[in-house]
Amino acid sequence: MITAERKPMEEIFRSLEPFGKILLVGCNECVTVCHAGGRKEVAMLASALRMGRLKQGAPLTVDEMTLERQCDPEYAEELALVVDQYDAVCSMACGCGVQTVAERYQGLPVLPMVNTAFMGSSEKNGVWAERCAGCGNCVLGMTGGICPIARCSKRIFNGPCGGSSKGKCEISPDVDCAWQLIWDRLKQLGQTELYSQIMAPKDWRSARDGGPRRIVREDMAI
Amino acid sequence: MSDFEPVVVVFACDYCAYTAADVAGRMNLTYPSGVRILRVPCTGKVEPLYIMQALQKGADGVMVAGCLVGDCHFKNGNLRAAARVKRVQTLLDDIGIGADRVAMVNVSAGQGAKFAEIATEFSKKIGEMGPNPIKQGAKAAA
Ligand code: SF4
Ligand code: SF4
């Protein structure tokens, strides 16, 4: 999933200063799962904004709405009937949702209420960790299912580096060395020969370095 | 400010604090009449939003009252509640309402006297802090 965290309240208050009536829009998918921008978080932020602005003597009307998936134009369309009543739309979805709504409602300020963080998975309740960097050319089959790009601090392809110590990465004793994890798993799988294969330098054009990416499925696009 | 009687909403766990409040009543112990008790099946059921909405609707303080640590009927509902209260307190500080308007307390079912004492103390503290600042803001804006 895509993970996110609510922006600091101070920043949110500052960005909403010019407005008197806003629509706060959540998303029912990724940001609901990571408790950043689902229905509950929308209600919490709405309540915090109402109280904070009342305290400041500048009341803010906040209406709440949560879309099934904010990054799909079909769902963003659901706002069409109501958006005219608001000074701004405040999105609690990830950046994909914010942009989908902004693109659809060109004349309206659309502001992000969360900082989108990374693609990750839940390690346990309340803990999320980065797992995928979306590099466009997956190597997990070579690395025991552990991503050397998302999980090695230096993104090296033939690790570990000299900083690996007792299974931990040199950046912090709290961070596992990805290459230690890779080696351990390959050993467990009886696939250590994969480790001996030197991986060629990666062509980063399949990642962000090739510019903004698109996927076009002709069969679906008709 | 002397005639200000704060409204304090207490989310009280059925297994402990709610019973303790009952015991206090049976012992003829009094606590301020602004203390309003809401029974919940466990403090783990108290969503952060409940606390926010109580304040938004005009409560001057909110207390979440659960079982003694280690005694939760559902194992860790009271620990969960404590963590949530902490998070709400941070948010309340961030929006200028103040963390101290919310508290997590632990009492057992038999501690009627302790419940009355805690409720009285908390209500007194909120009384000293004055009314929920959103009321003043609302008046100023009107
Ligand atoms: S807008 Fe799309 S990608 Fe973003 S949180 Fe919602 S479903 Fe996930
Ligand atoms: S210690 Fe391990 S995880 Fe950290 S940079 Fe080196 S190889 Fe990568």
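In what follows, the accompanying structure is described. Predicted model only: the values in this text are computed from it and were never measured. (Residues numbered from 1 in each chain as written. Chains lettered and ligands numbered in written order. Predicted model: local features only at pLDDT ≥ 70, side-chain atom pairs only at ≥ 80, totals over all residues. Heavy atoms only, no water.)

### As for the overall build of chain B
Operational definition: We count a stretch as a helix when DSSP gives it H or I for four or more residues in a row; a strand needs E for two or more, and each element gets its number in order from the N terminus. Every radius of gyration here is taken over C-alpha atoms, with the globule rule written as 2.2 Å times N^0.38, N being the number of residues. Exposure categories follow from relative accessible area, calculated using a 1.4 Å probe and restricted to protein chains: below 20% of the type maximum is buried, above 50% is exposed, and the middle band is partly exposed. Throughout, a residue-residue contact means that at least one pair of heavy atoms, one from each residue, lies within 4.5 Å. In these tables, accessible area is a Shrake-Rupley quantity obtained with a 1.4 Å probe, and a residue counts as shielded only by the protein chains included in the view.
Within chain B, the regular secondary structure consists of five helices and four strands. In sequence order, the secondary structure elements of chain B are arranged as β-α-β-α-β-α-β-α-α. For 142 residues, the compact-globule estimate of 2.2 N^0.38 gives 14 Å, and chain B sits close to it at 15 Å. Taking the principal axes of the C-alpha coordinates as reference, chain B spans close to 45 × 30 × 15 Å. Buried positions account for 48% of the 142 residues belonging to chain B. Put simply, 80% of the contacts in chain B that link residues at least 6 apart link residues at least 24 apart. Carbon and sulfur atoms make up 51% of the accessible area of chain B, which totals about 7,000 Å².

### Describing the site of ligand 2
Residue and element names in this part refer to chain A. Selection criterion: A molecule or strand has a residue near it when one of that residue's heavy atoms lies within 4 Å. Two kinds of site are reported from a 1 Å grid over the protein atoms alone, namely cavities, where a 1.4 Å probe fits but cannot get out, and pockets, open sets with protein on both sides within 12 Å along at least five of seven lines, and residues are called lining when an atom falls within 4 Å of a point. More than half of a molecule's atoms lying within 2 Å of a cavity's or pocket's grid points is what places that molecule inside it. Under the grouping applied here, Gly and all other residues not named as nonpolar or charged are polar, the nonpolar ones being Ala, Val, Leu, Ile, Met, Phe, Trp, Tyr, Cys and Pro and the charged ones Asp, Glu, Lys and Arg.
Close contacts around ligand 2 come from 13 residues, with Cys152, Cys161, Cys169, Cys177 and Ala178 the closest. Counting atoms within 2 Å of the grid points, the majority share of ligand 2 lands in the largest cavity. Of the residues contributing to the shell around ligand 2, the split by class is eight nonpolar, three polar and two charged.

### Examining the site of ligand 1
Taken together, the residues surrounding ligand 1 are Ile2, Cys27, Glu29, Cys30, Val31, Arg69, Gln70, Cys71, Ala93, Cys94 and Gly97 of chain A. Tallied by class, residues from the shell around ligand 1 come to seven nonpolar, two polar and two charged.

### Looking at helix α2 (residues 48-56) of chain B
Listing the buried residues of α2 of chain B in full gives Pro48, Leu49, Ile51, Met52, Ala54 and Leu55 of chain B. Structurally, α2 of chain B contributes buried residues whose contacts are with α3 (39-55) of chain A together with β1 (8-13), β3 (61-66), α3 (77-94), β4 (102-106) and α5 (133-141) of chain B. Following α2 of chain B by one or two positions, glycine 58 of chain B has its phi on the positive side, about 115°.

### Some details on the sheet that holds β1 of chain B
Residues and elements named next belong to chain B. Our working rule: Only strands that DSSP links by at least two bridges are regarded as paired with each other. Helix axes use the C-alpha atoms of the stretch in contact, all axes being lines fitted to C-alpha atoms, and the angles between their N-to-C directions lie in the range 0 to 180 degrees.
If you trace the four strands from one edge of the open sheet to the other, you get β2-β1-β3-β4, paired in parallel fashion. Both outer strands of the open sheet, β2 (35-40) and β4, are each paired with one neighbouring strand and no more. Averaged over all pairs of adjacent strands, the angle between their axes in this sheet comes to 20°, without regard to strand direction. Note: β3 against β4, five bridges, orientation parallel. Following the sheet pairing, valine 62 is matched in β4 by valine 102. This element, helix α1 (residues 17-26), spans β1, β2 and β3 of the sheet and lies at about 110° to β1. Each of β1, β2, β3 and β4 touches helix α4 (residues 112-129); the most contacted strand, β3, lies at about 160° to it.

### A word on the interface of chain A and chain B
Spelled out, the test is: As a working definition, buried area equals the accessible area (1.4 Å probe) given up by two parts on being put together, with both sides summed. Here, a salt bridge means any Lys or Arg side-chain nitrogen found within 4 Å of an Asp or Glu carboxyl oxygen.
Listed by partner, the interface residues are 15 residues for chain A and 18 residues for chain B. Taken together, the two surfaces of chain A and chain B that pack against each other cover about 1,500 Å², and 71% of this comes from carbon and sulfur. Sorting the residues of chain A by area buried against chain B places Met44, Met51 and Lys55 of chain A first, and these three jointly supply 42% of that buried surface. Counting across the interface, chain A meets chain B through one salt bridge. The partner of lysine 40 of chain A in a salt bridge is glutamate 47 of chain B, and the shortest N-O contact between them spans 3.0 Å.

### Some thoughts on the nonpolar core
Counted only if it meets this: For this analysis, a nonpolar core means a set of buried residues of the types Ala, Val, Leu, Ile, Met, Phe, Trp, Tyr and Cys, connected via side-chain atoms within 4.5 Å.
One finds Leu16 and Leu49 of chain A together with Ile95 of chain B to be the most contacted residues of the largest nonpolar core, which totals 51 residues. Ranked by residue count, the leading element in this core is α3 of chain A, at eight residues. Aside from chain neighbours lying at most four places away, what touches isoleucine 95 of chain B is Met9, Phe13, Ala48, Met51, Gly52 and Lys55 of chain A together with Met52 of chain B. In terms of nonpolar packing, the next biggest core, distinct from the first, is built from 20 residues, Val8, Val10, Cys16 and Met63 of chain B among them.

### Some points on empty space enclosed by the protein
Over the atoms, a rolled probe matching the size of one water molecule traces out where space is still vacant. All names here are of chain A. This is how the line gets drawn: Grid points are joined across faces, edges and corners, and a volume is the space filled by probe spheres set on the points.
Evaluation of the coordinates by the stated rule reveals one cavity of 30 Å³ or more. Estimated volume of the largest cavity: approximately 110 Å³. Contributing to the lining of the largest cavity are 15 residues, with Cys152, Ser153, Cys161, Cys169 and Cys177 lying nearest its centre. At the level of secondary structure, the elements contributing two or more residues to the lining of the largest cavity comprise β9 (172-176) and α6 (178-189).

### Observations concerning the pattern of salt bridges
Residue and element names in this part refer to chain A. In this structure the tally under the stated criterion is 15 salt bridges over all chains. Of the charged contacts, one joins lysine 168 and aspartate 176 as a salt bridge, the two residues approaching to 2.6 Å between their closest N and O atoms. For aspartate 176, a relative accessible area of 35% gives the class partly exposed.

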